[in-house]
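Structural overview
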Amino acid sequence: MPDIAKRKTDIGPPHYEQFLPPIIKANYGKWKYHEIPRPGVLVHVGETGDRLYTVRAGSPRLLSVQTIRQICDLADKYCDGYLRFTSRHNIEFLLTDPAKIDLLIADLATAGFPVGGTGNALSNIVHTQGWIHCHSAATDASGIVKALMDELIGHFTSMDLPGKLRVALACCVNMCGAVHCSDIAILGIHRRPPKINHDRLPKMCELPTVVASCPTAAIRPVRKDGHETVEVAEELCMFCGNCYTVCPAMPLNDPLNDGVSIWVGGKVSNARSEPGFSKLAIPFLPNNPPRWPEVVDAVKKLVDVWAANARPYERMGEWIERIGWPRFFRLTGIEFTKQHIDDFRHAETTFRRSVHVKR
Amino acid sequence: MSDERRPTPKLDDLEKGPWPSFVREMKRAAEGSAMADQLLGVLELSYGDRVGHWKHGGVVGVRGYGAGVIGRYSDVPEQFPEVAQFHTMRVNHPAGWFYKTDALRKVCDIWEKHGSGLTNLHGATGDIILLGMKTESLEPVFAELTENGFDLGGSGSVVRTPSCCVGPARCEWACFDTLALTYDLTQHYQDEIHRPSLPYKFKIKASGCPNDCVAAIARADLSIIGTWRDAIDVDQEAVGTYAADGLDVRATVCDRCPSKCMAFDGTSLDIDNSACVRCMHCINVMPKALRPGLERGACILIGGKAPIVSGAMLSSVLVPFMKLEPPYTELKELIGKILELWGDEGKNRERVGEFIQRVGLGSFLEAIGLEPMPEMVKHPRENPYVFYEEYFEEEK
């Protein structure tokens, strides 16, 4: 038993300053501009003329300690031990000597890390845990990302797209990956109501919490075989899984009905158009491991059609806004269905309330 | 361990192809960890029956904290006893995700000794994720982490680990010091991060400019996004160089400006800053010629969240412009009032954005002592059902 008096708590994270390389300390807040001399390489120029080179490499996000040490070896060899990570799981090596860039990129290639993700390109896919670690996953995350990036890697290692392409994947509507504002969002969905385990529910779950957890008030308390339990009005269930999160006796996971939906046209940046949510493109595709060919084909098609038709700097949503949704569905060959029309809160704000129709 | 490894034909397929493979990572970790080895088996099982095999819940954590550990159990423990317990630990990352290799190696050593050897760099919260450990390892890992200067992040109904973009460390567009602010807030809210005392999660994210590289507007309950109040800083000579180098300034910059506030006559760029919405597009396209103005600060927005429970929301403007200098008194007072009000009045699992929807933004502002401002809305209300708390009566 460790000595409680000596136990350290609430120290917070290490102070970032100790991890900043000298060139960053010298130019902190005094950077003048940056350029992208080649895909995956940034150069930031300070007011004094100092030049900091960043080499950005993609990672699978799931990293073993062995691979982290390998990454550390490269940072020791080329960057005096300094490196950082991006909000999209990329690794960034920070160099002061431009002569070392090619050597580092060659070593990264040998180690299996592609360099890219800068400028008008596809960056790494932000994603969640999926079947590796999550209880509510309606699909896997890492598998789809790997299968998709194997196909789209050319858009990561070059800057051949009209604008930035931000793809994200969340394995259920909890959206730990916050996919809801991405150019292309891949979202795991459930499609059948929870299967209630009436024996376990009274022992495991707090009834008022379960009832209150439902956004459509579909859950009601009932008495069954002498137990206090709940029932679900299935016609009101939209498969959000919130009840399952507060009550493990109400699982939704179901191999026949779980799968993947595809959403398009969202963004978080304020550049040009305002930030906005992604909109439904494809309501359902099946879980087909290990490579989810239906999902990979659908996303590739969306990227191809956008890349062929968008103007410079036009993100997916800005392109669709310009051409209109009817043409988007025609160009992509995606069928427009009942599921595409919102029927939750404020659905009417998404209806076309004018005769302005682009054809 | 490799002699007893079960075949994983489906996962093996994902070792092929040019993108770095997570399966290779699992196999590397499995060389030294029976937990990682059995995780491969669990995932292969999921790839066969197309359903996850994890159960959540249970009260697991380190002593004195109610956050930082996500309890996870296998629903096939007989088949995979090594991962019967497979908890996640969230370790608060350094602001901006900067590291020196010695610190990162230290975390690896601790994790190799006590856990699965698998991590996420980083999780969606921003934390370092230590993926998969037994209950008995929680205290030893925590002790060794704190011994080496690391602490746990948030989980559950707490102030979550604040995170931020690279900021002034490596970006000329940072309108405030995102790293200093994030470190300061993280230290200030240690108790609120580690001990659940709120209706639900409360996320704080700081982006240095309107490009919002940490998706603060979509992912944070309190979004702090850098902006400026004065004119865009223009280097006309550098604009000319972009044009001479082949950039179509009119088509690519002026025509893409959302407020159409700029014109280019072939030699000089004329910006009507009174019409500029500070979106960053022109600056993004010509970083050598244009920069945010000098009077820099941040816009504070509130209420962003993913769909659970009552639908996804983007944060909306709460304070159009705030200077952010240490010790950040104005911001901390504002956050304090929000946490107090929502902490007292919010329902269980009601995010602050949903709380504002329920009580009304007007009432919320009144309760935290902010004046309503036109910057907070796209337009005034259209619906004539207006609430008044008081009315006049004829004097008798």
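Residue positions are given per chain, counting from 1 as you read along its sequence in written order. Labels follow written order: the first chain is A, the first ligand is 1, and so on. In keeping with the model being predicted, local features are shown solely for residues with a pLDDT of at least 70 and side-chain atom pairs are shown and tallied solely at 80 or more, while totals for entire chains, interfaces and linings include all residues. Based on all heavy atoms of the structure, the side-chain values leave hydrogens and waters out of the count.

**Considerations on the sheet that holds strand E7 (residues 128-133) of chain B**
As a reminder, the rule being used: Should DSSP find at least two bridges between two strands, the strands are regarded as paired. In DSSP terms, a helix is any run of H or I states spanning at least four residues, a strand is any run of E spanning at least two, and both are numbered starting from the N terminus. By definition in these notes, contact holds between two residues if any of their heavy atoms fall within 4.5 Å. Here the axes come from fitting lines to C-alpha atoms, over the contacting stretch only for helices, and the angles between their N-to-C directions go from 0 to 180 degrees.
Ordered by their spatial adjacency, five strands build an open sheet running E4(A)-E6(B)-E7(B)-E4(B)-E2(B), and the pairing between neighbours is antiparallel. Of all the strands in the sheet, just strand E4 (62-64) of chain A together with strand E2 (69-70) of chain B have a single pairing partner and so form its edges. In the sheet, strand E6 (residues 118-120) of chain B pairs with E7 of chain B via two bridges, with the strands oriented antiparallel. Counted as the bridge partner of asparagine 120 of chain B is isoleucine 129 of chain B from E7 of chain B. Along the sheet, helix H2 (residues 65-79) of chain A makes contact with E4 of chain A together with E6 of chain B, crossing E4 of chain A at roughly 85°. Relative to E7 of chain B, helix H4 (residues 101-114) of chain B is tilted by about 15°, and along the sheet it contacts E6 and E7 of chain B.

**Some words on the state of the cysteines**
Residues and elements named next belong to chain A. This is how it is decided: Criterion for a disulfide: a pair of cysteine sulfur atoms at a distance within 2.5 Å. When accessible area is computed with a 1.4 Å probe and restricted to protein chains, residues below 20% of their type maximum are described as buried, those above 50% as exposed, and intermediate ones as partly exposed.
This structure, assessed with the given rule, holds one disulfide over all chains. Residue pairing for cysteine 205: its cysteine sulfur links by disulfide to cysteine 247, the two sulfurs lying 2.1 Å apart. Residues cysteine 205 and cysteine 247 share a disulfide whose torsion about the S-S bond is about 75°; that sign makes it right-handed. Of the two residues, cysteine 205 is situated in the loop between helix H5 (201-204) and helix H6 (207-212) and cysteine 247 in the loop between helix H7 (242-246) and strand E12 (259-264); the sequence distance between them amounts to 42 residues. What makes cysteine 205 buried here is its relative accessible area of 9%.

**Overview of the packing of aromatic side chains**
Residues and elements named next belong to chain A. Test applied: Only centres within 6.5 Å qualify two rings of Phe, Tyr or Trp (six-membered ring in Trp) as a pair; their planes then separate them into stacked at under 30 degrees, edge-to-face at over 60, and tilted for everything else.
Under the definition given, this model contains 16 aromatic pairs over all chains. With 5.2 Å between their ring centres and 75° between their planes, tryptophan 325 and phenylalanine 328 make a pair best called edge-to-face. With tryptophan 325 and phenylalanine 328 both in helix H10 (residues 325-332) and three residues apart, this pair spans about one turn of that helix. By relative accessible area, which is 27% here, tryptophan 325 ends up partly exposed. On the accessibility criterion, phenylalanine 328 (0% relative accessible area) is buried. Relative to phenylalanine 336, the ring of phenylalanine 329 has its centre 5.1 Å away and its plane inclined at 85°; by these criteria the two rings are edge-to-face. In this structure phenylalanine 329 comes out as buried when scored by relative accessible area, which is 10%.

**Details of the environment of glycine 112 of chain A**
Residues and elements named next belong to chain A. Here glycine 112 is to be found in the loop between helix H3 (101-111) and strand E7 (126-127). Take glycine 112: its relative accessible area is 31%, and that puts it in the partly exposed class. In the structure, glycine 112 is positioned 55 residues away from alanine 57 in sequence and 9.8 Å away in space, judged by C-alpha atoms.

**Re the packing of H2 of chain A against H3 of chain A**
Residue and element names in this part refer to chain A. Put simply, the test is: In these notes the angle categories are as follows: under 35 degrees is roughly parallel, over 145 is roughly antiparallel, 65 to 115 is roughly perpendicular, and the rest is oblique. Here a crossing is taken to be left-handed if its near helix is turned anticlockwise relative to the far helix by less than a right angle, and right-handed if that turn runs clockwise. Only Asp, Glu, Lys and Arg are considered charged, only Ala, Val, Leu, Ile, Met, Phe, Trp, Tyr, Cys and Pro nonpolar, and every remaining residue, Gly among them, polar.
Here H2 crosses H3 at 165°, and the two axes come no closer than 11 Å. The orientation of H2 relative to H3 falls into the category roughly antiparallel. Read as a crossing pair, H2 and H3 show a hand that is right-handed. When H2 is examined against H3, the residues Gln70, Leu74, Lys77 and Tyr78 are found in contact with a partner set consisting of Leu103, Leu104, Asp107, Leu108 and Ala111. Among the residues making up the contact of H2 with H3, the classes are represented as six nonpolar, one polar and two charged.

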